[in-house]
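Per-entry structural report
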Amino acid sequence: MTMIPIGAADGAPVNLLAAMANRHGLIAGATGTGKTVTLQTLAEGFSRAGVPVFLADVKGDLSGLAQPAQPGKRVLERVAQLGIGDYQPGGNPLLLWDVFGQAGHPVRATVSDLGPLLLANLLQLNDTQTGVLYAAFRIADDEGLLLLDLKDLRSLLLWMGDNARRLRGRYGNLSGASLAAIQRQLLVLEADGAEQFFGEPALNLDDLMRCDFSGQGVISVLDATALMPRPRVYATFLLWLLAELFERLPEVGDADRPRLVFFFDEAHLLFDSAPKALLEQVEQVVRLIRSKGVGVYFVSQNPQDVPDAVLGQLGNRVQHALRAFTPRDRAAVRAAAQNFRANPGLDVETALTELAVGEALVSVLDPRGMPTPVVRTLVRPPYSRIGPLTAQERAEHLARSPLAGRYDTAVDRESAHELLAARAAATPTQPEPKPEPAAAPARRGREPDTLLETTAKSALRAIGGQLGRQLVRGVLGALLGGRR
């Protein structure tokens, strides 16, 4: 069986079984307790086992995975303490990514790939506005319009507003207020710099599941330092990635190792403000994606940052120290202690507040899928550098990358924006019809009636009977005959 080394407890090795790694996991602990080093150790352990890894680098110091460690005194002491006789520093095959294209290869997705649910969450839309956005995606499909970048979506929304009356019968009321609100939120998104995320060439998921020529899994590191002030963009991107993996990968069932392991750092950013529909999607993806051979590991300061429905799916647990300075902290410690399978020889609640840096309480799944009793573990140091690449090292690494030039230049092909502009140009603007001049009064070939004639005609209408009408006609005939 393939093992991913974590550390040792009372001189006995503590390993994560690769065949159980797709049952997901949690790495938790207060700031400064060693979570990042544990993440680095696990990532390179999976890589050496031939498993590709994707991880988000929130603090910007995981790029050192590409360089061999330069162990200091503390690292060498830990190596000796754990009895690691074959410790040999070495780097790992690494791909650098960055949504903004500054610290790595640009990462892009099309608006259509993202879909209305994730985009509505990113734009912070209410239910009515979300419904209009769903209609926009349906209209784009029906009209044969590709939604690749934000200008495509803006053009579609403008076209919908201009044709709302015609579209209403099939797609419902497309409120002008809702369309305007979505447009305003797109402006906010652009101001955050997220426009660079939308477009082509879109990320090919196969590039995240590579192995090098020696069979070692490639580690993809997303530089997320610039995304931290934009938590919705960060969470939306990682959720999109999980959803794409879930949709595209075939079922593999139980295998001897995962085909990809996904580390989601600062997990609370995903769950803090996500609407119910999105949380349900996250729960569904986490529950089912293991059958696609993907393991998801959430990294957070406190297990309570993760909803219970998701936490219950995380079979492998590495818990670093928690602080108990307030009543709320102490309640969190008690809750975290209850997440482990009990060990009669260990007071978990007390140990959680006493763990030193680089120590953790660990419980993993055994070959039967059962959690092992929790043990107090010394985490082994990584073989790679603890700390980031220098600017020069990063530039050299990107220049040697097998993906150099593939994603660097954006492509803007014909899509909704261009097609709608062509439609508008092909349809000439119809001038507004000029008002017709007022019709002239009908004339009978003679001058208007005189006062005498008018009076006589009034008398004719007033006098009743056949005799009266004949008398008046005779008088009128004599008068009018003299004028002809």
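Residues numbered from 1 in each chain as written. Predicted model: local features only at pLDDT ≥ 70, side-chain atom pairs only at ≥ 80, totals over all residues. Heavy atoms only, no water.

**Comments concerning the sheet that holds strand 1 (residues 3–9)**
As a reminder, the rule being used: Two strands qualify as a pair provided that DSSP identifies no fewer than 2 bridges between them. To qualify as a helix, a DSSP run of H or I must reach at least 4 residues; to qualify as a strand, a run of E must reach at least 2; elements of each kind are numbered from the N terminus. Any two residues having at least one pair of non-hydrogen atoms within 4.5 Å are treated as being in contact. Structural elements are reduced to axes, namely lines fitted to C-alpha atoms, with helices fitted over the stretch in contact, and the angle between N-to-C directions of any two is expressed from 0 to 180 degrees.
Here we have 12 strands laid out as an open sheet, ordered 2-1-12-11-10-3-9-8-4-7-5-6, and mixed in their pairing. The two strands at the open ends of the sheet, each matched to only one other strand, are strand 2 (12–17) and strand 6 (105–106). Where strand 5 (residues 94–98) lies against strand 6, 2 bridges are found, and the strand directions are parallel. Across the sheet, the residue bridging to Asp98 is Pro106, located in strand 6. Docked against the sheet, helix 2 (residues 73–82) engages strand 1 and strand 12 (375–379), running at close to 135 degrees with respect to strand 12.

**As for the pairing of strand 9 (residues 294–300)**
Applied cut-off: Buried means the residue's accessible area, taken with a 1.4 Å probe over protein chains only, is under 20% of the maximum for its type, while exposed means over 50%, and partly exposed covers the values in between.
In terms of residue burial, strand 9 counts as a mostly covered element, since 7 of its 7 residues are buried. Both faces of strand 9 are covered, namely the face carrying Val294, Val296, Phe298 and Ser300 and the face carrying Gly295, Tyr297 and Val299. In this sheet, strand 9 lies alongside strand 3 (residues 25–28) in parallel orientation, the contact comprising 4 bridges. Across the sheet, Ala28 pairs through a bridge with Ser300, a residue of strand 9. When strand 8 (residues 260–265) meets strand 9, the two strands line up parallel, connected through 6 bridges. Paired with Asp265 across the strands is Val299, a residue of strand 9.

**Things to note about the nonpolar core**
Rule in force here: What is meant by a nonpolar core is a set of buried Ala, Val, Leu, Ile, Met, Phe, Trp, Tyr and Cys residues, joined one to another through side-chain atoms within 4.5 Å.
Within the largest apolar cluster, 87 residues are counted, with the highest numbers of intra-cluster contacts made by Leu119, Leu156, Met160 and Phe298. At 10 residues, the largest contribution of residues to this core is made by helix 8 (residues 231–248). Leaving out residues up to four positions away in the same chain, Leu156 has contacts with Ala136, Ile139, Ala140, Leu145, Leu147 and Leu420.

**Notes on helix 14 (residues 391–400)**
The condition is simple: This arc corresponds to the set of directions leading from the helix axis out to the C-beta atoms.
All buried positions along helix 14 are accounted for by Glu393, Arg394 and His397. Projected down its long axis, helix 14 shows its buried positions confined to an angular sector of 100 degrees, all on one face. Exposed residues pointing more than 90 degrees away from the buried face of helix 14 are listed as Ala391, Gln392 and Ala399. Summarising the contacts, the buried residues of helix 14 are in contact with strand 5 and strand 7 (219–223).

**A look at the pattern of salt bridges**
Which entries qualify depends on this criterion: For this document, the term salt bridge refers to a Lys or Arg side-chain nitrogen within 4 Å of an Asp or Glu carboxyl oxygen.
Applying the stated rule across the entire model yields 16 salt bridges. Note that Arg248 and Glu244 form a salt bridge whose closest N and O atoms lie 2.8 Å from each other. Here Arg248 pairs with Glu244, and both are found in helix 8, just 4 residues apart, close to one helical turn. Three or more residues joined by partner-sharing salt bridges are found here, namely Arg138, Asp142 and Arg170.

**Quick look at the confidence of the model for the protein**
Counted only if it meets this: Residue-level confidence of the predictor is what pLDDT reports, using numbers from 0 through 100.
Per-residue confidence for the protein gives a mean pLDDT of 87, with 88% of residues at or over 70. Below pLDDT 50 for its whole length, residues 442–446 participates in 3 contacts with residues either more than four positions away or in separate chains.

**Section: the side chain of Asn22**
Topologically, Asn22 is positioned in the loop between strand 2 and strand 3. With residues near it in sequence (within four places) discarded, Asn22 still touches Gly253, Pro258, Arg290, Val294 and Gly295.

**Considering the layout of surface pockets**
Empty space among the atoms becomes visible once a probe the size of a water molecule is rolled across them. Stated precisely, the cut-off is as follows: Only protein atoms enter the 1 Å grid, on which a cavity is a set of points fitting a 1.4 Å probe that cannot get out and a pocket is an open set with protein on both sides within 12 Å along at least 5 of 7 lines, lining residues being those with an atom within 4 Å of a point. Grid points are joined across faces, edges and corners, and a volume is the space filled by probe spheres set on the points.
The space that makes up the largest pocket amounts to roughly 370 Å³. Val37, Arg74, Val75, Gly358 and Ile386 are the residues nearest the centre of the largest pocket, which is lined by 15 residues in total. Elements represented by at least two residues in the lining of the largest pocket include exactly helix 1 (35–48) and helix 2. Of all the elements, helix 2 adds the most residues to the lining of the largest pocket, at 5 residues.

**Description of the environment of Gly161**
Mapped onto the elements of the fold, Gly161 is located in helix 5 (residues 150–162). Once the C-alpha coordinates of Gly161 and Ala180 are considered, the two residues, 19 residues apart in sequence, prove to be 8.9 Å apart.

**Here we look at the packing of aromatic side chains**
Operational definition: Pairing of aromatic rings covers Phe, Tyr and Trp, the last through its six-membered ring, and needs centres within 6.5 Å; plane angles under 30 degrees mean stacked, over 60 mean edge-to-face, and all others mean tilted.
As enumerated under the stated definition, the model contains 15 aromatic pairs in all. Judged by centre distance (5.9 Å) and plane angle (25 degrees), the ring pair of Phe264 and Phe298 falls under stacked. Residue Phe264 is found in strand 8, and its partner Phe298 is found in strand 9; the two are separated by 34 residues along the sequence. Relative accessible area serves as the criterion here: at 0%, Phe264 is assigned to the buried category. Classification of Phe298 by relative accessible area gives buried; the value is 0%. In this structure an aromatic cluster arises from ring pairing among Phe54, Phe197, Phe198, Tyr234, Phe237, Trp240, Phe262, Phe264, Phe271 and Phe298.

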